[in-house]
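Residue strings, one per chain:
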Amino acid sequence: WLGALRFDNLALRSLPVDASEEVGPRAVPGACFARVRPSPLHNPRLVAMSLPALALLGLEAPAADPEAAEAEAALYFSGNRVLAGAEPAAHCYCGHQFGSFAGQLGDGAAMYLGEVLGPRGERWEIQLKGAGITPFSRQADGRKVLRSSIREFLCSEAMFHLGIPTTRAGTCVTSDSKVIRDIFYDGNPKNERCTVVLRIASTFLRFGSFEIFKPPDEYTGRKGPSVNRNDIRIQMLDYVISTFYPEIQEAYSDNSIQRNAAFFKEITKRTARLVAEWQCVGFCHGVLNTDNMSIVGLTIDYGPFGFMDRYDPEHICNGSDNTGRYAYNKQPEVCKWNLGKLAEALVPELPLEISELILEEEYDAEFEKHYLQKMRKKLGLIQLELEEDSKLVSELLETMHLTGGDFTNIFYLLSSFSVDTDTSKFEDFLEELTSQCASVEELKVAFKPQMDPRQLSMMLMLAQSNPQLFALIGTKANINKELERIEQFSKLQQLTATDLLGRNKKHWKEWLEKYRVRLQKEIESVGDADTWNIDHVKVMNSNNPKYILRNYIAQNAIEAAENGDFSEVRNVLKLLEHPFQEAERFREVKEDAEEEGATATAAACAEETRTRLPYCSKPPLWASELCVT
């Protein structure tokens, strides 16, 4: 089945490859790649495969013997056997991690296998993530585990089907090989199954690929492994622009500065549009370091990501992000900062005064334009583009925040909002809308104080008496957030469900009236209101997903897979391939299967019960305990 793959490994022919065959962590100067060998796994087996992703490589669904094809995929995409034409290598890059330059990083767990020519002549780099030790593994083992691999596999495909630029995932293969992981860094390690994801993209080069030339950093003292090798920087720019931006190469072939400026302008705009897309589906990346930013504008490296449930502009999806650097509302700003670091890494081939001007002129304008265009579609504003639309969007998000509205479900419901003034219809809609707002119990969980009162008291005293010491162990923003949490939690003790519902209905009535007035302007500008309404609903339904990869959905699939049942991973994958459509048949199929396979133990019954929520449901209370680091 896999014999049809045709390799043509342009990256290894175009960029310097390290001559050393030495295995194990080391510095890799003067090279963009180092040759590696995948480490075999014991008893590899397929968890799931994405046929739409594999189709990019020219692989069709195996009709004759699907079991043999699954076994073949497990054998080759675990790294246990290397495909003919593949040349395994690990890519060298550096990065700014949480704002500080970290020096050489590189593919510590991922391996480039090569570039496959697709059926229409396009070129796809394929990678194995979790295939073993590379020169860039540092103190780690080059392995990934089942839970993180399932999350990356499902989210890569979910993002593609949402229409967001992303790397793809072809297969997820697990094994009986085990590694020890301390999931929450709390001294409770456990054995987990080694698992490998096949990743697919036009390229996995990133901003950090150009940071290997960085001289010693003034704050950390770390430097890139290829300082003073401007010849390699020129090689990389030639390769990236001619391969992935051929129209720019053609337009500026006789002027490298203009060409490099055009390239930087294009990646600036692509990045701005990408982040705007994230914001519009409530996606938080979690680790927006410069080494996790694609040089062609894709979402790359799915780690502690999360789709926001209850709308909170300061939502942090990564449990390790103590300062909130990569919070939802910080994503546009931090991606602009990362572009600034890319600009620094392109000097002297692109002078900083040129790139900084491009960044200031292009990024914010492109982000705001794309964000508002997308939000207009989400609200069904298809006819007019009015200045007041930006305020309407801001007020909607403020209302969501005040009422704890579920970001995805509120947007999805708005397509059924009717402009006509029928009071009973309006009340029914209001009832449905407020059912997607946080309950008193949910709010109590969300605003539960996180510090011991004595610890908080000590921190407050320290902030006054010894600001220097306080700065080492905490931030004023964190303390203020904790004080706000305590205040909110205290108010919630007196709040009844009836009071909350009344308050939420009042907020939503106010916003819906403004929305109604804006929709009325749309209708007045067209001749045929019925045709407008059909188009309005169609646009909304193709821009507001019903299904996203919520953490609790991923967790249910992970727990089933850890117990040897991969059906839920496959079920969720199929669902996420159609995020904008009704697909409750998946729910019904799953429930039938659960009935047949129900176990007698009470614990298993409890687990079964917790998976029975519809996939489009806002998360159950237990989901608030999930922590992804």
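Above this text is the structure in question.
About the criteria used
- Residues numbered from 1 in each chain as written.
- Predicted model: local features only at pLDDT ≥ 70, side-chain atom pairs only at ≥ 80, totals over all residues.
- Heavy atoms only, no water.
- Axes fitted to C-alpha atoms, helices over the stretch in contact; angles between N-to-C directions.
- Helix = DSSP H or I, 4+ residues; strand = E, 2+ residues; numbered from the N terminus.
- Parallel < 35°, antiparallel > 145°, perpendicular 65-115°, else oblique.
- Left-handed = near helix turned anticlockwise from the far one by under 90°.
- Contact = heavy atoms within 4.5 Å.
- Nonpolar A, V, L, I, M, F, W, Y, C, P; charged D, E, K, R; others polar.
- Phe/Tyr/Trp six-rings, centres within 6.5 Å; stacked < 30°, edge-to-face > 60°.
- Buried < 20%, exposed > 50% of the residue type's maximum accessible area, 1.4 Å probe, protein only.
- Lys NZ or Arg CZ within 6 Å of the ring centre and 35° of its normal.
- Salt bridge = Lys/Arg side-chain N within 4 Å of Asp/Glu carboxyl O.

Engineer: Just to check I follow, could you spell out the packing of helix H4 (residues 146–161) against helix H20 (residues 567–576) for this structure?
Structural biologist: When two helices pack together, their arrangement is given by the angle between their axes and by how far apart the axes lie. Between H4 and H20, the shortest axis-to-axis distance is 9 Å and the interhelical angle comes to 15°. Relative to H20, the element H4 is oriented roughly parallel. H4 and H20 meet at a crossing whose hand is right-handed. Facing Ile150, Phe153, Leu154, Glu157, Ala158 and His161 of H4, the residues of H20 in contact are Val569, Val572, Leu573 and Leu576. The residue inventory of the contact of H4 with H20, partitioned by class, reads eight nonpolar, one polar and one charged.

Engineer: Looking at this model, I keep getting lost on the packing of aromatic side chains. Mind explaining?
Structural biologist: Two descriptors summarise a pair of aromatic rings, namely the distance from one centre to the other and the angle between the planes of the rings. A full pass over the atoms with the stated rule returns 19 aromatic pairs. Relative to Tyr371, the ring of Phe367 lies with its centre 5.7 Å away and its plane at 15°, an arrangement referred to as stacked. With Phe367 and Tyr371 both in helix H9 (residues 352–378) and four residues apart, the pair spans about one turn of that helix. A single burial state applies to Phe367 and to Tyr371, both of which are buried. These aromatic residues form a ring-pair network of at least three members: Phe417, Phe426, Phe429, Trp508, Trp511 and Tyr515. Seen from the ring of Phe305, Arg151 lies directly overhead, with NZ or CZ sitting 4.1 Å from the centre. Looking at Lys214, its charged tip hangs above the ring of Phe101, at a distance of 5.4 Å from the centre.

Engineer: Even after reading the chapter, I still don't get the pattern of salt bridges, so can you show me in this structure?
Structural biologist: If the charged atoms of two oppositely charged side chains come close together, the side chains can form a pair. All told, the structure shown has 47 salt bridges when counted by the stated rule. When the shortest N-O distance is used, the salt bridge between Glu192 and Arg147 registers 2.7 Å. In this pair, Glu192 is assigned in strand S11 (residues 190–201) and Arg147 in helix H4, connecting sequence segments 45 residues apart. The residue Glu314 makes a salt bridge to Lys481 at a minimum N-O spacing of 3.5 Å. Of this pair, Glu314 sits in the loop between strand S13 (306–307) and helix H8 (331–345) while Lys481 sits in helix H16 (residues 476–494), and the two are 167 residues apart along the sequence. Assessed through its relative accessible area of 27%, Lys481 is described here as partly exposed. Linked through salt bridges whose partners overlap, the residues forming this network are Lys129, Glu152, Arg199, Arg206 and Asp301.

By themselves, these are just geometric observations and shouldn't be taken as functional.
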